[in-house]
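Observations on the three-dimensional arrangement
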Amino acid sequence: MLTVFLQFLFSGLTVGAVYALVGIGFNITYNSTSIINLAQGEFVVIGGLMMWFFSESLKLPFFVSVVFTIFAAGLIGLLMERLTIKPLKNPDLLLMIMITIAVSIILRGVLMFYFGKDPYVYPSFTEGEPLSIYGAIIQQQALWVIGITALCIILLFLFFKKTIIGKAMLACAVNPTAAKLVGINVSRMVMLSFVLSAIVGAIGGMAITPISLMEYDKGPMLAVKGFCAAIMGGLGSNRGAVLGGFIIGILESMTAGYIHSGMKDAVALMILLLILFYKPAGIFVSKTMLQLRKF
Amino acid sequence: MKKATGKILVVLVAALSVCLMLVNAYAKEPYKIGALFAVTGAASFLGEPEKNTALMLQEQINKTGGINGHPLEIIIEDTKSDETQAVLSAKKLLEKDKVLAIVGPSTTGESMALVPILNDANTPLLSCAAGAPITQPAKDRPWIFKTPQYDISAVEAIYGYMKKHGISKVGIITISTGFGDAGKKALLEMAPKYGITIVAEEKYGPKDSDMTTQLTKIKASGAQAVINWSVGPGQVIVTKNWHALKMGIPLYQSHGWGSKKNIELAGKAAEGVIAPLGRLVVWDKLPDNHPQKALLKKYTQDYEARYKSEPGTFGGHAYDSIMIIVEALKKVGPDRKKIRDYVETNIKKWPGTGGVFNISPDDHCGLDKTAFEMVVVKNGDWSLLK
């Protein structure tokens, strides 16, 4: 009994960590621009596919591939902001969000063109048998995903709270005009936030591909689940996204295990609705903060 | 002087083209057939090899003199994996191009949308989709045929093999798409006939990344085997999870498993996975006297040489549909009614890529469980099971 329960839990943790990583990506752009970047799922796909391209197709060493992938994703994020967001004369929030949808469709098309429709995979970061705890198994790669998620949160926390650039980015979201008045280059901060979120998305993609495989059209599903994780925890709060991701992942797994696998998405989304009903801004964001938001 | 050169040139060009194109092939009116494939959109993994196959066959047939001297013209339309587009394209083929028959479409949904249209237009349709309702009941849809094997035949092949090996309790796990639902229905329907009890019945979404939970439940249910019914990345993830869990019971996959790519993606986790596969993917392991071997070899090698990828079973469905029409055209000429009658009554013991066809007035597909071989993955390659 315990073994079965633990197995459901581990499966939920594995999936939840994936959702959490995607959710964090949403938070970065949101925190510095109030934009919800709906192309976030595509950055995850780019991470996975680029990593495959560098490490399997070009046979580059692991760390070189990681660096190249991060660089490529960051570059795509930069181009996206410079080509689609910056040229806007009247930066309207809703318009920008719609642009991100357009970008996601274009990115998906380009990915399909270059990588085709087949799924891709490469070996786990560390080879070896899955760990067994009381008879329940957890894949080593799942531990990597959880570890990388934790590392990302810590680094992002330090970046936004301790560095001047991070603080400047936060200021841009709160009040762009005031930020400009105190000498912050708002445009550059917006660009930086896109680069950063693209990189975080790509890191997520690199980590999850050995578990879930990666194909050109996986983005929308990842984006939806990651977005759910982010709003459950409270948009903008990274620990919220992580908690939200794990709650959704574990709920899905428990529902599949104890009720029926056909019900898992429905139950997870129902709990999300219930939480938002009692805490409209998400678990970690208060109502007062919600009123300060534009979106 | 200038005029003379011009005349010589004209003569030369004319002579050259005659030499190149074989006198007969282009002297007569071309035979036009239509093809509807999901070249783009969600089902493009079906439509692409089908389109490639059609182009290749058209070229090969015309190179060798066409059909009784008539060149074959295949007009390919992209349905974008969409029923509405399939209907529009079919109407275009029927009304504007006045085709003699239509090959495709790629998916069951699109084919169902075309059933009434082609029946009313009195034009044969040779669908490349597997769903049984496309051709059943054959009495009500005299103009509709299909070449892919029935899902139920794949199920029967699995159950027959299980019965022989004393497996009576199975857990099934299916993908929540049309393919998975049809498979699940067939699995549940045929189980009693083979004395098999379904002890667990699980599902997952097409983009899910971990199926450990479902497999754990199946393991706890006391099943002696797992059957996974899906296409796409899901079947690889199930295989990996099955391997990681060390479930101790065999994993069976559907006939959607038949691509080397799956073995590549699953790596050593794929070892021991059993599936009923059409002979197209295992042609090199067949005995030399098998009726399908020669054509499978030629088709696979030609396709691989031309497109640098494996045709897969899906390209094979297009091959069968087109070649059946070509054979009918050869025998009865460009008459829709005669083509239909010929296909219904004269395609007997006809070797195609999907199996040896025996089309009859009651069965407009003509394949049964003997179209499948039980195949196990061994050392990263397919291996036939007896």
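On a predicted model such as this, the values are computed, not experimentally measured, just so you know.

So, about the overall build of chain A. When you go through chain A residue by residue, the secondary structure sums to 12 helices and two strands. Relative to a compact globule of 295 residues, whose C-alpha radius of gyration would be 19 Å, chain A shows 19 Å and is just as compact. Relative to its 295 residues, chain A shows a buried fraction of 51%. The contacts in chain A between residues at least 6 apart in sequence include a share of 75% that link residues at least 24 apart.

Attention now moves to the overall build of chain B. In terms of helices and strands, chain B carries 12 helices and 14 strands. In summary, chain B has a C-alpha radius of gyration of 23 Å against a globular reference of 21 Å for 386 residues, a match within 12%. Per-residue burial over chain B gives 51% buried out of 386 residues. In chain B, 67% of the contacts between residues at least 6 apart in sequence involve partners at least 24 apart.

It is worth spelling out the pairing of strand β7 (residues 197-204) of chain B at this point. Residue and element names in this part refer to chain B. One ladder, built from seven bridges, connects strand β6 (residues 169-175) with β7; its direction is parallel. Looking at the pairing, Ile173 lines up with Glu202 of β7. Read from β6 through helix α6 (residues 178-190) to β7, the crossover connection turns out right-handed.

All names here are of chain A. Here Asn31 is to be found in helix α1 (residues 2-33). Of the residues examined, Asn31 has 23 C-beta atoms within 10 Å and is grouped as buried. Sequence separation between Asn31 and Ala173 is 142 residues, and the spatial gap between their C-alpha atoms is 6.0 Å. Not counting chain neighbours up to four residues away, the residues in contact with Asn31 comprise Leu170, Ala173 and Gly236.

It is worth spelling out the nonpolar core at this point. Formed by 192 residues in total, the largest nonpolar core has its most connected members in Leu49(A), Val103(B), Val226(B) and Ile325(B). Of all the elements, helix α8 (residues 186-212) of chain A adds the most residues to this core, at 16 residues. When we break this core down by domain, the ones giving at least three residues each are domain 1 (31-149 + 293-367) and domain 2 (152-284 + 372-384) of chain B. The residues touching Ile325(B), leaving out its near neighbours within four places in the chain, are Ile33(B), Ala101(B), Val103(B), Leu126(B) and Ile339(B).

Let us now look at the packing of α1(A) against helix α5 (residues 140-162) of chain A. Residue and element names in this part refer to chain A. The geometry of α1 relative to α5 is characterised by a closest axis approach of 9 Å and an angle of 30° between their N-to-C directions. Classified by the interaxial angle, the pair formed by α1 and α5 is roughly parallel. Every pair of crossing elements has a handedness; the one defined by α1 and α5 is left-handed. Residues Leu13, Thr14, Ala17, Val18, Ala20, Leu21 and Ile24 of α1 pack against Ala142, Val145, Ile146, Thr149, Cys152, Ile153 and Leu156 of α5. Taken together, the residues of the contact of α1 with α5 break down into 12 nonpolar, two polar and no charged.

Further remarks concern the sheet that holds strand β1 (residues 31-37) of chain B. All names here are of chain B. In space, the five strands of this open sheet follow the order β2-β1-β3-β4-β5, with parallel pairing throughout. The sheet terminates laterally at β2 (72-78) and β5 (144-146), the two strands that pair on one side only. When strand β3 (residues 102-103) meets strand β4 (residues 125-127), the two strands line up parallel, connected through two bridges. The residue bridging Ile102 from the neighbouring strand is Leu125, located in β4. Across the face of the sheet, helix α2 (residues 44-63) comes into contact with β1, β2 and β3 while running at roughly 165° to β2.

Between chain A and chain B, the residue contacts involve 27 residues of the former and 23 residues of the latter. Only α1, α8 and α10 (238-259) of chain A provide two or more residues apiece to the side of chain A that touches chain B. Of the residues forming the side of chain A that touches chain B, the biggest block, seven residues, is contributed by α1(A). Across the side of chain A that touches chain B, the residue classes tally to 13 nonpolar, nine polar and five charged.

What follows deals with the packing of helix α6 (residues 164-174) of chain A against α8(A). Residue and element names in this part refer to chain A. Running from amino to carboxyl end, α6 crosses α8 at an angle of 105°, the nearest separation of the two axes being 9 Å. By the angle class used here, α6 and α8 are roughly perpendicular. Side by side, α6 and α8 meet where Ala168, Met169 and Cys172 of the first sit next to Val186, Met189, Val190, Leu192 and Ser193 of the second.

Bringing the domain arrangement of chain B into the picture now. Residues and elements named next belong to chain B. With domains assigned, chain B is organised as domain 1 (31-149 + 293-367) and domain 2 (152-284 + 372-384). Each side of the interface is counted separately: domain 1 has 17 residues, and domain 2 has 14 residues. For the side of domain 1 that touches domain 2, the secondary structure elements donating two or more residues are α4 (108-121), α10 (293-307) and α11 (312-332). For the side of domain 1 that touches domain 2, the element with the highest residue contribution is α10, accounting for four residues.

Conventions we followed
- Residues numbered from 1 in each chain as written.
- Chains lettered and ligands numbered in written order.
- Predicted model: local features only at pLDDT ≥ 70, side-chain atom pairs only at ≥ 80, totals over all residues.
- Helix = DSSP H or I, 4+ residues; strand = E, 2+ residues; numbered from the N terminus.
- Rg over C-alpha atoms; globule rule 2.2 N^0.38 Å.
- Buried ≥ 20, exposed ≤ 12 C-beta atoms within 10 Å, placed from the backbone.
- Contact = placed C-beta atoms within 7 Å.
- Pairing = 2+ DSSP bridges.
- Right-handed = clockwise from strand over helix to strand, strands pointing away.
- Core = buried A, V, L, I, M, F, W, Y, C linked by C-beta atoms within 7 Å.
- Domains from an automatic or database assignment.
- Axes fitted to C-alpha atoms, helices over the stretch in contact; angles between N-to-C directions.
- Parallel < 35°, antiparallel > 145°, perpendicular 65-115°, else oblique.
- Left-handed = near helix turned anticlockwise from the far one by under 90°.
- Nonpolar A, V, L, I, M, F, W, Y, C, P; charged D, E, K, R; others polar.

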